[in-house]
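Remarks on the overall topology
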There are 4 protein chains.
Amino acid sequence: MVCAALPAPFSLNADGDPETSSHDLLSLRWPGPPRNVLFVSKEDNGPVRDALIEYAKHVKTTYPAVSLIFEPSVAQDIEPELPFPIYMYGRGGNTEYCDKVDLTTTLGGDGTILHAASLFATTKSVPPILSFSMGTLGFLGEWKFEEYKRAFREVYMSGAPSPVPLKSTDEPQYRDDVVQASRNDQSGWSSARGKSMGSSRNSRVLLRNRLRIGIFSSTGERMPHEPPFAHHDHRCEDIFALNEVLLHRGALPHLAHITILIGSPPHQKTLTTAIADGFLASTPTGSTAYSLSSGGSIVHPLVSSLLLTPICPRSLSFRPLVLPANTPVTLRIDEINRGKEIEVSVDGVRRREGLKAGMEVRVVGEEVRTAGAPGEREWVGGVPSIVRSGGTADGDDHWVGGLNSLLKFNYPFGES
Amino acid sequence: MVCAALPAPFSLNADGDPETSSHDLLSLRWPGPPRNVLFVSKEDNGPVRDALIEYAKHVKTTYPAVSLIFEPSVAQDIEPELPFPIYMYGRGGNTEYCDKVDLTTTLGGDGTILHAASLFATTKSVPPILSFSMGTLGFLGEWKFEEYKRAFREVYMSGAPSPVPLKSTDEPQYRDDVVQASRNDQSGWSSARGKSMGSSRNSRVLLRNRLRIGIFSSTGERMPHEPPFAHHDHRCEDIFALNEVLLHRGALPHLAHITILIGSPPHQKTLTTAIADGFLASTPTGSTAYSLSSGGSIVHPLVSSLLLTPICPRSLSFRPLVLPANTPVTLRIDEINRGKEIEVSVDGVRRREGLKAGMEVRVVGEEVRTAGAPGEREWVGGVPSIVRSGGTADGDDHWVGGLNSLLKFNYPFGES
Amino acid sequence: MVCAALPAPFSLNADGDPETSSHDLLSLRWPGPPRNVLFVSKEDNGPVRDALIEYAKHVKTTYPAVSLIFEPSVAQDIEPELPFPIYMYGRGGNTEYCDKVDLTTTLGGDGTILHAASLFATTKSVPPILSFSMGTLGFLGEWKFEEYKRAFREVYMSGAPSPVPLKSTDEPQYRDDVVQASRNDQSGWSSARGKSMGSSRNSRVLLRNRLRIGIFSSTGERMPHEPPFAHHDHRCEDIFALNEVLLHRGALPHLAHITILIGSPPHQKTLTTAIADGFLASTPTGSTAYSLSSGGSIVHPLVSSLLLTPICPRSLSFRPLVLPANTPVTLRIDEINRGKEIEVSVDGVRRREGLKAGMEVRVVGEEVRTAGAPGEREWVGGVPSIVRSGGTADGDDHWVGGLNSLLKFNYPFGES
Amino acid sequence: MVCAALPAPFSLNADGDPETSSHDLLSLRWPGPPRNVLFVSKEDNGPVRDALIEYAKHVKTTYPAVSLIFEPSVAQDIEPELPFPIYMYGRGGNTEYCDKVDLTTTLGGDGTILHAASLFATTKSVPPILSFSMGTLGFLGEWKFEEYKRAFREVYMSGAPSPVPLKSTDEPQYRDDVVQASRNDQSGWSSARGKSMGSSRNSRVLLRNRLRIGIFSSTGERMPHEPPFAHHDHRCEDIFALNEVLLHRGALPHLAHITILIGSPPHQKTLTTAIADGFLASTPTGSTAYSLSSGGSIVHPLVSSLLLTPICPRSLSFRPLVLPANTPVTLRIDEINRGKEIEVSVDGVRRREGLKAGMEVRVVGEEVRTAGAPGEREWVGGVPSIVRSGGTADGDDHWVGGLNSLLKFNYPFGES
């Protein structure tokens, strides 16, 4: 069974209110309603499984045109519970689904979102991600699971003409034919069931830039990546990380010596050789992950940058660095590490095969291109994350609000 | 005596090699040779004074069309030593020179460059700065004084048609008349003396973004700034800082309580109330100044951002933040500070009058606008700093090279 | 009116249980019941004033032999509310009380305890301090105000022969005469009213070491201290700080250059010249105060040590130091600061007169001498702080428990 | 071949000058000249091997009564080069030498000294260590190799009656018989060849405290240690570390959860559960090793303390702790780590078998006992490190001098 491909990609538009701090959020517009929705969830967790089934049933009932896709192990687990056919997402033989996901939705924590992003680690274009947290909100997850009906509808309708009369399951639907006449109706928005919405509101999207990563042998040849970051056809191309790439000595008794080079040949310049437990290159999104544990600053996801953070450096004076996102950075395993393997991990997943002396990890911030007229510009690149709307958070910078609740940032000590 | 105004502003062009890390440097092009050059130097320093006189004589002799401008106290000091008329730069009565400086050149350290930038703290457009260090290079100063002849010539000729035959002082000049015929000659490039240069090379410019700063009373009215950051006509407009604005408790026995708000009304959101010795809002350029002492990360000057760094916070969990440059940030003196004054300093210059409870400092990264066709885009805003060329540094990112020499960044400890 | 002097000083005995982590706490034993109790409280605070009056009345009623002493301003304020005579503690003319305080009790926060300690900043022997917090417990304050009856009784009876029959206010007291015969009874324990206590339990005492501080002119002569740290007769001797001595540039635009010398002449050795906003020498008790804000480690009050912590140093590699408490340390204002004054503060109180170039602050951890046979050793020096007993904290290291509640120490970030 | 046992242990006396900062150094006194000297050196290093041979020949020639002991691999390597018999030090079958080493001398860096200390990791009494560095001095190594003749003589003669006439190899020795009469001569000092020394000077010793470490199963039973820290007879006793014990997640993708308990049962109190890459318990000596890389303060080796330092904690507020050396600390692998193994390393040597959930590492600072009359007190415990004498360092605190040269401590940044 094959899902229908989406006729045209979504667009992201910069039509935010320039007077607010959210003016760098983008506006999501579907050319037609999303068809193929990938559900990614934390596994081996009862409450998450129950929530997933409830969520999936709601989506299929309310938006019958939607095809629901799951990862193989989850699909096998929950298929018996669902009264409708589902699809499996997989690499290897099932790669055809890969390009056909219109929307990804996650249930779990930041780890689940990282995993979902890793499913698109080999592609430059990532579908929007709508993420739900079952417990406390993480840095990446935007929505509470209780909000799933409103959240999914808002995303589904994003870009639909206003007003869109929806099929109500409570009352007869007489107006289908009329609506079918519009271009959008042909795409199926009118088939959505539920109460009519007022003025439609486009979902707001935070475009999280990724890190582009290549691994090279000591003779300068590209090396293949390992699953889940491997390309289907064993191509040796760059992959993309949402948080960071880590070099670490792992269980080695000696410190890693990692030479940092800035720029591309022939204009490469050696910054320094870090002698440390490890070394991180992170995105701003990753600034609140491992980099923070290692002393890095907190960088807003919209600061176009690339963070270099040493892990336990044998230096009193190594301070974390923030470089322009478009800076090519090479992390080379120094010759002094000869005979040993330095571990390399992407977004927390360790590569089975470590790096030997002379090998390099080359990183640069993902290029996010724009095209089109002002106000209608489209974006390519990045992970489009649906930002939570409504309530007091509306119109605000969700990131600012998250700092205090997530980090207990600025908690005073001593007598108050 | 009045200097002639420059017919048209300089332009900065993004024509760098995209393959190098220097592709974010801009290229300086004068419509005609710069006329009015402001010399800013460290005062009360014998060697600097001697160097200044040598430098000034060289410029006037080699580029006779140039008018040399000095700050009043320096002008009075060195005028007797110079066999040609000079001009005085001054605020107050002599403000007419303010808009007529084509190029600023400094002798001294980072403090001198900060001071030179402060002379343009009230204007959106700052002339290029060519800075020389007498001793060790600082973070901001690019050139060694020994290089002054080459450096000045490179800047002076930047944008001139190639080849430009220069007047040699060593041999007769026969070709003047012919060259005068060209458009550029009318602007005077042909009057420069010296050996003919080969293909002219445009100076490369690092555009350092500034911080836009306003001070507001507890009732929300703008308050005037104090010299050297005051506007000539006591207008209460924003001023611009190259490094940072600092709020500090100074000699107060109690900690400052400073509320940080993000965004502009009505979408302002409280980030937190910092309880600390002080609080810094810095540019990336300022990331290697006070912010670094206080634990901030090192941020490359081309990362469009704004740094918030607490100074000795009474919190174990307050970590420095890096926000997008266009984020409006308000630092409000909390009511708990009632009856006390919090000191405010801009680029190291303390305001005589402190801030009382309820008053606010509002900052945002300076807007740097572009205009014109690709490849010929012009910039408005920022401090155009002439980057050192030649030698091994050529084509490289000077900033990377400076890290190790300036910071002893990554110096290892223990057994080597 | 003069208080009777205590016949003999209290003793502190190391009879703790060696199997517990509290074995370094000492045991308080009065030779007779304490007579003269100094009450120190936060001023200009209604609830504290009410609590103070309640507390004072209880002490006088229950322990009629006790003389209550207050600081002058407090004495004048609350005298009308008390139906019994009180005494005033004062420096200057009233210095006779200074040596006669048997016990100090404080109401307020850490600031109040610091102030109480400063009243004994010129003496080597400090009476025990029983401190109550009105709100959240600070690092120094041990008891909640609700516990004042039990706490005071425990301290008052500490070292009394067991059992001590107390005068009950509910029943006739027949045994006074008999008890008077014993030495202790002459001191009045039997005059205490209230229920008979079971086996008396000695209060446990944490002896907090202080910092011994001398200020010297550039020619090596001792300089007088300023109130509240001044000696009565303008002697120029060392004073004692409970938390720290701070050198800070204050409102100076330039960084302080402070040379750190280790050891006493002629074996002094220069450690380094710190270029910084300021410099701290702290006790372990002070490690959770200003030093913590400035990046210092948290040091348990029983680690015999002296902390050197720079404040915003212009160095990437200056790390806080922990030296043996008996290390003589000299902080000398470097000649480069000529013409400027560096501020000096002791326990948060700034000296009006700053330090000029060449002047020195000499510090060393207070010497705590022991004398007597094992198990009956007496202590001289330090601030004997009565540790909270009872409940779950009993037998525990109160300091360990305080870390998490006071610091939100180790609060995790991100997804839980 | 068996070395003769030393008749009596050395003593360490606190007879330093109380006016200097070195008054906490001890004075080494042999009851007779040291007989059995263990040579430990860096292996697989040509220059070190050459130096070792030169050093060994000098010692045997000048002090013929000395027996030279080497580790097996070194012994086999250099035996052919030496014209005299040597002894092998070994665990397992050759354990008899273990108790008979009077003096250890090392050639190499800090790693070699750590290794030498590990040879005594199972014994409470460690012979003095005289360490030479071949290159830059480390934190632990005191002497430059060029000084080996003077250094060895000073140690050898330490405690000998003064003056001791030495056998000169350059002139006939007539006075042997006379000297033999003294008690010390019977011990053999007079057999040393070389020039007569003036007043003999005792070597000064820095007694470095170690960390006492036990590993326990989840049911509270002691577990055996692994070589090189294993006891000869597979006893399960505590071992001693000079620097630190490290718990680390190693190659695990998940963070380690380590619960820190303070005190011994039944008075144990939970400090916190650290969620981190790892966790360190260090001696002050170890404060300039891994703990420093992880953000710990620099603690002088004479501060009797125990450092707790998290490695990359997932908390913004976890600050390194310094506790009294006698604080029992338990590091328990939290149940959440079930199914995984946390790596444990002692002084940089990783245990092959990791720790599972519920297992504990229990540490406490080594107890250093004193006995005897004042001025003649003896020490038991610690690693007696011979401090470099002579030159400008004499009478100084060598540690202070080492800070700047080893750490580039306090190197300023920016314009000077």
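Just so it is clear, the structure is predicted and the values come from calculations on it, not from any experiment. (Residues numbered from 1 in each chain as written. Chains lettered and ligands numbered in written order. Predicted model: local features only at pLDDT ≥ 70, side-chain atom pairs only at ≥ 80, totals over all residues. Heavy atoms only, no water.)

Attention now goes to the overall build of chain A. Secondary structure assignment for chain A yields eight helices and 24 strands. Residue burial in chain A is summarised as follows: out of 416 residues, 62% are buried. For chain A, contacts bridging at least 24 residues in sequence account for 70% of all contacts bridging at least 6. Carbon and sulfur atoms make up 51% of the accessible area of chain A, which amounts to about 15,600 Å² in all. (Helix = DSSP H or I, 4+ residues; strand = E, 2+ residues; numbered from the N terminus. Buried < 20%, exposed > 50% of the residue type's maximum accessible area, 1.4 Å probe, protein only. Contact = heavy atoms within 4.5 Å. Areas by Shrake-Rupley, 256 points an atom, 1.4 Å probe, with all protein chains shown as cover.)

As a further point, take the packing of helix 1 (residues 46-62) of chain A against helix 4 (residues 148-156) of chain A. Residues and elements named next belong to chain A. For the pair helix 1 and helix 4, the least separation of the axes is 11 Å and the interaxial angle reads 45 degrees. As judged from the angle between their axes, helix 1 and helix 4 are oblique. Considering how the two elements wind past one another, helix 1 and helix 4 form a crossing that is right-handed. For the pair helix 1 and helix 4, contact is made by Glu-54, Tyr-55, His-58, Val-59 and Thr-62 and by Tyr-148, Lys-149, Phe-152 and Arg-153, respectively. When grouped by side-chain class, the residues that make up the contact of helix 1 with helix 4 number four nonpolar, two polar and three charged. (Axes fitted to C-alpha atoms, helices over the stretch in contact; angles between N-to-C directions. Parallel < 35°, antiparallel > 145°, perpendicular 65-115°, else oblique. Left-handed = near helix turned anticlockwise from the far one by under 90°. Nonpolar A, V, L, I, M, F, W, Y, C, P; charged D, E, K, R; others polar.)

The second copy of the chain is related to the first by a rotation about an axis and a shift along the axis. Overlay of chain A on chain B (RMSD 0.0 Å): rotation 180 degrees, translation along the axis 0.0 Å. In symmetry terms, the pair is related by a two-fold rotation axis. For chain A, the smallest separation between a C-alpha atom and the rotation axis is recorded for Ser-297 of chain A, amounting to 3.0 Å. Both copies share a contact surface, since 98% of the interface residues of chain A are interface residues in chain B too. (Least-squares fit on C-alpha atoms with pLDDT ≥ 70 in both.)

On to the interface of chain A and chain C. Much of the literature gives interface size as the accessible area that the parts lose upon coming together. Each partner contributes residues to the interface: chain A has 21 residues there, and chain C has 21 residues. Interface of chain A and chain C: buried area, both sides summed, is about 1,700 Å²; carbon and sulfur atoms make up 59% of it. Our count for the chain A to chain C interface comes out at zero salt bridges. Counting across the interface, chain A meets chain C through zero residue pairs in polar contact (both at pLDDT 80 or more). Listing elements by their share of the side of chain A that touches chain C, those giving two or more residues are helix 3 (110-118), helix 7 (290-293) and helix 8 (398-407) of chain A. Classifying every residue of the side of chain A that touches chain C by side-chain character gives nine nonpolar, eight polar and four charged. (Buried area = accessible area lost by both parts, 1.4 Å probe. Salt bridge = Lys/Arg side-chain N within 4 Å of Asp/Glu carboxyl O. Polar contact = N/O pair within 3.5 Å; in protein donor to acceptor, adjacent residues only side chain to side chain.)

This paragraph deals with the pairing of strand 7 (residues 129-133) of chain D. All names here are of chain D. Burial analysis of strand 7 places five of its five residues in the buried class, the great majority of the element. What you see with strand 7 is no split at all: Ile-129, Ser-131 and Ser-133 on one side and Leu-130 and Phe-132 on the other are buried throughout. Across four bridges, the pairing between strand 6 (residues 103-107) and strand 7 is parallel. Across the sheet, Thr-104 pairs through a bridge with Ile-129, a residue of strand 7. Examined bridge by bridge, strand 7 and strand 8 (residues 143-144) share two bridges and lie parallel to one another. When the bridges of strand 8 are listed, Ser-133 appears paired with Lys-144. (Pairing = 2+ DSSP bridges.)

This paragraph deals with the pairing of strand 9 (residues 204-208) of chain A. Residues and elements named next belong to chain A. Of all five residues making up strand 9, five are buried, and the element is well covered by its neighbours. Of the two faces of strand 9, the one carrying Arg-204, Leu-206 and Arg-208 and the one carrying Val-205 and Leu-207 are both buried. Bridge analysis of strand 2 (residues 26-29) against strand 9 gives two bridges, and the strand direction is antiparallel. Looking across to strand 9, one finds that Ser-27 is bridged to Arg-204. Note that strand 9 and strand 24 (residues 383-386) share four bridges and pair antiparallel.

Next up on the list: the side chain of Ser-297 of chain B. Within the secondary structure, Ser-297 of chain B sits in the loop between helix 7 (290-293) and strand 15 (298-299). A polar contact is formed between the side chain of Ser-297 of chain B and the side chain of Ser-297 of chain A, at a distance of 2.7 Å. Look past the residues within four positions of Ser-297 of chain B in its chain and what remains in contact with it is Gly-296, Ser-297, Arg-319, Pro-320 and Val-322 of chain A together with Ser-287 and Leu-307 of chain B.

With 58 residues of chain A at the interface, the matching set in chain B holds 57 residues. Summing both partners gives a buried area of about 4,700 Å² for chain A against chain B, and 57% of it is carried by carbon and sulfur. Looking at the side of chain A facing chain B, the largest losses of area belong to Arg-314, Arg-319 and Asn-410 of chain A, adding up to 14% of the total buried there. Viewed at the interface, chain B and chain A are joined by zero salt bridges. Across the contact surface, chain A and chain B share 11 residue pairs in polar contact (both at pLDDT 80 or more). The leading source of residues in the side of chain A that touches chain B is strand 14 (residues 269-282) of chain A, at seven residues. Of the residues that constitute the side of chain A that touches chain B, the class distribution is 25 nonpolar, 23 polar and 10 charged. Bridge count between strand 17 (residues 321-324) of chain A and strand 15 of chain B: two bridges; the pairing is parallel. For Leu-321 of chain A, the partnering residue across the bridge sits in strand 15 of chain B and is Ile-298 of chain B.

Moving on to the packing of aromatic side chains. Tallied over the full model, the rule gives 52 aromatic pairs over all chains. Seen from their ring centres, Phe-152 of chain B and Tyr-156 of chain B are 6.2 Å apart, and the 25 degrees between their planes marks the pair as stacked. Highlighted residues: Phe-152 of chain B and Tyr-156 of chain B, both in helix 4 (residues 148-156), separated by four residues, approximately one helical turn. Taking the relative accessible area as the measure of exposure, Tyr-156 of chain B reaches 1% and is therefore buried. Put simply, the rings of Phe-39, Tyr-55, Tyr-63, Phe-70, Phe-132, Phe-145, Tyr-148, Phe-152 and Tyr-156 of chain A pair up and form one aromatic cluster. (Phe/Tyr/Trp six-rings, centres within 6.5 Å; stacked < 30°, edge-to-face > 60°.)

Topologically, His-248 of chain B is positioned in strand 12 (residues 244-248). Looking at His-248 of chain B, its side chain comes within polar contact range of the main-chain nitrogen of Gly-250 of chain B, at 2.8 Å. Not counting the four nearest positions on each side in its chain, His-248 of chain B is found in contact with Asp-277, Gly-278, Tyr-290, Ile-311, Ile-342 and Glu-343 of chain B together with His-248 and Asp-277 of chain C.

Model confidence for chain A is summarised by a mean pLDDT of 81, while 79% of its residues fall at 70 or above. pLDDT under 50 marks residues 1-8 of chain A. Its contacts with residues more than four places away, or in other chains, come to 19 contacts. (pLDDT = per-residue confidence, 0-100.)

Right, let's get into helix 4 (residues 148-156) of chain D. Owing to its 3.6 residues per turn, the α-helix aligns residues three or four sequence positions apart on the same side. By the criterion of burial, helix 4 of chain D is predominantly enclosed, with seven of the nine residues buried. Among all positions in helix 4 of chain D, only Tyr-148, Ala-151, Phe-152, Arg-153, Glu-154, Val-155 and Tyr-156 of chain D are buried.

With that settled, the discussion passes to the pattern of salt bridges. Pairing between side chains becomes possible if they bear opposite charge and their charged atoms approach one another. Using the criterion set out here, one finds 56 salt bridges over all chains in the structure. One salt bridge in this structure joins Lys-356 of chain A and Glu-341 of chain A, with 2.9 Å as the shortest N-O distance. Of the two residues, Lys-356 of chain A sits in the loop between strand 20 (349-350) and strand 21 (360-365) while Glu-341 of chain A sits in the loop between strand 18 (329-333) and strand 19 (343-346), which places them 15 residues apart along the sequence. Note on Lys-356 of chain A: relative accessible area 38%, which makes it partly exposed. Its salt-bridge partner being Arg-388 of chain B, residue Glu-147 of chain B comes within 2.7 Å of it at the nearest N-O pair. Of this pair, Glu-147 of chain B sits in the loop between strand 8 (143-144) and helix 4 while Arg-388 of chain B sits in the loop between strand 24 (383-386) and helix 8 (398-407), placing them 241 residues apart in sequence. Taking the relative accessible area as the measure of exposure, Glu-147 of chain B reaches 13% and is therefore buried.

The next point concerns the relation of the copies chain A and chain C. Rotating chain A by 180 degrees about the axis while translating it 0.0 Å along that axis superimposes it on chain C, leaving an RMSD of 0.0 Å. With an isologous cut-off of 70% or more, the 100% of interface residues of chain A that recur at the interface of chain C puts this contact in the isologous class.

Now for the environment of Glu-360 of chain B. All names here are of chain B. For Glu-360, the location among the structural elements is in strand 21 (residues 360-365). In this structure the C-alpha to C-alpha distance between Glu-360 and Thr-259, which are 101 residues apart in sequence, comes to 9.2 Å. Residue contacts for Glu-360: discarding those within four places in its chain leaves Gly-214, Ile-215, Phe-216, Thr-330, Leu-331 and Arg-332.

Turning our attention to helix 1 (residues 46-62) of chain B. Residues and elements named next belong to chain B. The end-to-end C-alpha separation of helix 1 is 24 Å, in line with the 24 Å expected for 17 residues at 1.5 Å each. Buried within helix 1 we find Val-48, Ala-51, Leu-52, Ile-53, Tyr-55, Ala-56, His-58, Val-59 and Thr-62. Against the buried residues of helix 1 lie strand 3 (36-41), strand 4 (67-70), helix 2 (72-78), strand 6 (103-107), strand 7 (129-133) and helix 4. Between the side-chain oxygen at the start of helix 1 and the backbone nitrogen of Val-48 there is a gap of 3.1 Å, and the oxygen is on Asn-45. (Expected span 1.5 Å × (residues − 1).)

Within the secondary structure, Arg-204 of chain A sits in strand 9. Residue classification places Arg-204 of chain A among the buried residues on the basis of a relative accessible area of 13%.

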